[in-house]
Amino acid sequence: MNSHEHFMRRCLELAKKGIGNTYPNPSVGCVVVYDNKIIGEGFTSEYGGPHAEVNAIENVHDKSLLKKATLYVTLEPCSHFGKTPPCADLIIRHEIYQVVIGTIDLNQKVSGKGVEKLREAGCNVQVGCLEDECKEHHKRFLTYHNKKRPYIILKWAESADGFIAPEDSTREKKEPVWITNTKSRQLVHKWRSEEQAILVGTKTVLKDNPSLTTRDWSGKSPIRIVIDRSNKITKDAAVFKGDTKTIVVCENNSTDNLEYLTFEPIDFSKEISKQLCEVLVKHQILSVIIEGGSKTIQTFIDANLWDEARVFKGKITFKNGIKAPLISTSSSESLNIDQDLLSIYTNT
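None of the values given here were measured: they were computed from a predicted structure.

Engineer: Can you walk me through the sheet that holds strand S12 (residues 287-292) in this structure?
Structural biologist: Pairing between the strands of a sheet comes from backbone hydrogen bonds, and it takes one of two forms, parallel or antiparallel. Strand order in the open sheet formed by nine strands is S11-S10-S9-S8-S12-S6-S13-S16-S15, and the pairing between neighbours is mixed. Here the strands that pair on one side only, and so sit at the sheet edges, are strand S11 (261-265) and strand S15 (333-337). With direction set aside, neighbouring strand axes in the sheet form an average angle of 20 degrees. Two elements, strand S8 (residues 197-200) and strand S9 (residues 223-227), share four bridges in a ladder whose sense is parallel. Residue pairing across strands places Ala197 opposite Ile223, the latter belonging to S9. Packed on one face of the sheet, helix H7 (residues 182-194) meets strand S6 (151-158), S8, S12, strand S13 (308-313), S15 and strand S16 (340-346) and runs near 160 degrees to S13.

The structure is reproduced here in structure tokens:
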């Protein structure tokens, strides 16, 4: 591993600390190096706060060293005014000698313009250090700007005999029938803290009354997206409680929007998954977990609108019930969580 890769790996470590807190901005990592030592480092603050480059430069005690320093950053520095001033301007103002970038920013407001601005100012710029790793880390942000849709993660749990739920007649009350163990459920809450939104269908809400929050993990709860074509879900449902933003996708917007509740009408006679993606883009949502039910998940699979599928298989058997979604690609990774089997599929 050369020195550039060594310092970029530290940038990636830092960038992971901001996942879940920076949306709709990407979680970027940055280090400033002088004489082969890190003299400042930082990652993106919560939305509206300083970007990674600002935090890293502010962390440098002796600013006179910046003229001889190298700045490493996972994503191309911005060159436009948004919630904060351009990071490229800050780098130029401090006359930082060299900038090493992991990958180019696909946002049309930036996309190469940051690099161009730095080079025009006389900065030595290198692009593509650990590029694959940086693209993997920034996959949500890059998917959003490249494919004009969020990064889509499908998630479900199925019984050993391939059902996601038993027959309705076997249910005693409106709550989830757990297929997975507590460790698997805690992992799901960790995932929720990392993604910007979570989406479920009407039947899931009516049968399970989920809250869709991160109760078992420290972190922000995702924005809740609920499909409710005919406004069947009553306002005492758990998805409408608390201060977590909830977007209801319906056929007719017959209810006024509230502080934490927004209604988005779509045409249910047309391709639903594509319209759902358009609603998510409208709300600047970079990533979403589709948690069900089976029909909702299968809609995204059939439309080939997904990036990852995370599937738990438990030991319990139902013998009959609601069949799990069908996915044709082979799993890229499998691991055991106690007695549960987690398979992770990627759509390449």
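Engineer: I would appreciate a short explanation of the packing of aromatic side chains in the present structure.
Structural biologist: Aromatic ring pairs: the centre-centre distance and the angle between the two ring planes describe each pair. Following the criterion strictly, the structure yields two aromatic pairs and no others. Residues Phe7 and Tyr72 carry aromatic rings whose centres are separated by 5.3 Å and whose planes lie at 45 degrees to one another, so their mutual orientation is tilted. Here the residue Phe7 occupies a position in helix H1 (residues 3-16), and Tyr72 occupies one in strand S3 (residues 70-75), the gap between them amounting to 65 residues. The ring of Trp178 has Arg185 lying over it, and the distance from NZ or CZ to the ring centre is 4.4 Å. The ring centre of Phe163 lies 4.7 Å from the NZ or CZ of Lys323, which sits over that ring.

Engineer: Looking at this structure, how should I read the UniProt feature "binding site: substrate" (unreviewed entry) in the protein chain?
Structural biologist: When the UniProt feature table is mapped onto this chain numbering, "binding site: substrate" (unreviewed entry) sits at Arg192, Leu212, Arg215 and Glu291. As for its placement among the helices and strands, Arg192 is situated in helix H7. Beyond its immediate sequence surroundings of up to four residues, Arg192 is in contact with Ile198, Leu212, Thr213, Thr214, Arg215, Lys220, Pro222, Ile289 and Glu291. You can see Glu291 is positioned in strand S12. Setting aside its immediate chain neighbours within four residues, Glu291 contacts Lys155, Val188, Arg192, Ile198, Leu199, Val200 and Ile297. Within the structure, the side chain of Glu291 is placed 3.1 Å from the side chain of Arg192, a separation counted as a polar contact.

Engineer: Looking at this model, I keep getting lost on the UniProt feature "active site" (unreviewed entry) in the protein chain. Mind explaining?
Structural biologist: Residues annotated by UniProt as "active site" (unreviewed entry) correspond here to Glu53. By the element assignment, Glu53 lies in helix H2 (residues 52-58). The class of Glu53 is buried, set by a relative accessible area of 4%. Not counting chain neighbours up to four residues away, the residues in contact with Glu53 comprise Cys30, Leu71, Val73, Leu75, Pro77, Cys78, Cys87, Leu90 and Ile91.

Engineer: How should the domain arrangement of the protein chain be read in this particular structure?
Structural biologist: The extent of an interface is frequently quoted as the accessible surface area lost upon association of the parts. Per the domain assignment, the segments of the protein chain are domain 1 (3-143) and domain 2 (150-346). Taking the mean C-alpha position of each, domain 1 and domain 2 sit 34 Å from one another. Contact residues are listed per partner, giving 10 residues for domain 1 and 12 residues for domain 2. Counting each side, the surface lost to burial between domain 1 and domain 2 is near 1000 Å², with a carbon and sulfur contribution of 56%. By the criterion of area lost to domain 2, the three top residues of domain 1 are Tyr23, Pro24 and Arg140, representing 50% of everything that side buries. Along the contact surface separating domain 1 from domain 2 lie three salt bridges. Its salt-bridge partner being Lys139, residue Glu308 comes within 2.8 Å of it at the nearest N-O pair. Here domain 1 is connected to domain 2 by five residue pairs in polar contact (both at pLDDT 80 or more). For the side of domain 1 that touches domain 2, a count of residues per class yields four nonpolar, three polar and three charged.

Engineer: Could you clarify how one ought to interpret the nonpolar core in this entry?
Structural biologist: Nonpolar side chains in soluble globular proteins tend to end up buried together. Ile152, Leu154, Trp156, Ile225, Ile290 and Phe300 are the most contacted members of the largest nonpolar core, which totals 28 residues. Mapped by element, the contributors of at least two residues to this core are S6, S8, S9, strand S10 (246-250), helix H9 (272-282), S12, helix H10 (294-302) and S13. Considering every element that reaches this core, the biggest residue donor is H9, with four residues. If we skip the residues at most four places from it in the chain, Ile152 touches Cys277, Val288, Ile290, Phe300, Leu305, Trp306, Asp307 and Glu308.

Engineer: Looking at this structure, how should I read the pairing of S10?
Structural biologist: The two faces of a sheet get side chains in turn, since along a regular strand they alternate between them. Of all five residues making up S10, five are buried, and the element is well covered by its neighbours. Of the two faces of S10, the one holding Thr246, Val248 and Cys250 and the one holding Ile247 and Val249 are both buried throughout. As paired strands, S9 and S10 are joined by four bridges and run parallel to one another. The partner of Ile225 across the bridge, within S10, is Ile247. The pairing of S10 with S11 spans five bridges and is classified as parallel. Note that in S11 the partner of Thr246 across the bridge is Leu261.

Rules and cut-offs
- Residues numbered from 1 in each chain as written.
- Predicted model: local features only at pLDDT ≥ 70, side-chain atom pairs only at ≥ 80, totals over all residues.
- Heavy atoms only, no water.
- Pairing = 2+ DSSP bridges.
- Helix = DSSP H or I, 4+ residues; strand = E, 2+ residues; numbered from the N terminus.
- Axes fitted to C-alpha atoms, helices over the stretch in contact; angles between N-to-C directions.
- Contact = heavy atoms within 4.5 Å.
- Phe/Tyr/Trp six-rings, centres within 6.5 Å; stacked < 30°, edge-to-face > 60°.
- Lys NZ or Arg CZ within 6 Å of the ring centre and 35° of its normal.
- UniProt positions renumbered as here; feature names shortened; annotations may be inferred.
- Polar contact = N/O pair within 3.5 Å; in protein donor to acceptor, adjacent residues only side chain to side chain.
- Buried < 20%, exposed > 50% of the residue type's maximum accessible area, 1.4 Å probe, protein only.
- Domains from an automatic or database assignment.
- Buried area = accessible area lost by both parts, 1.4 Å probe.
- Salt bridge = Lys/Arg side-chain N within 4 Å of Asp/Glu carboxyl O.
- Nonpolar A, V, L, I, M, F, W, Y, C, P; charged D, E, K, R; others polar.
- Core = buried A, V, L, I, M, F, W, Y, C linked by side-chain atoms within 4.5 Å.

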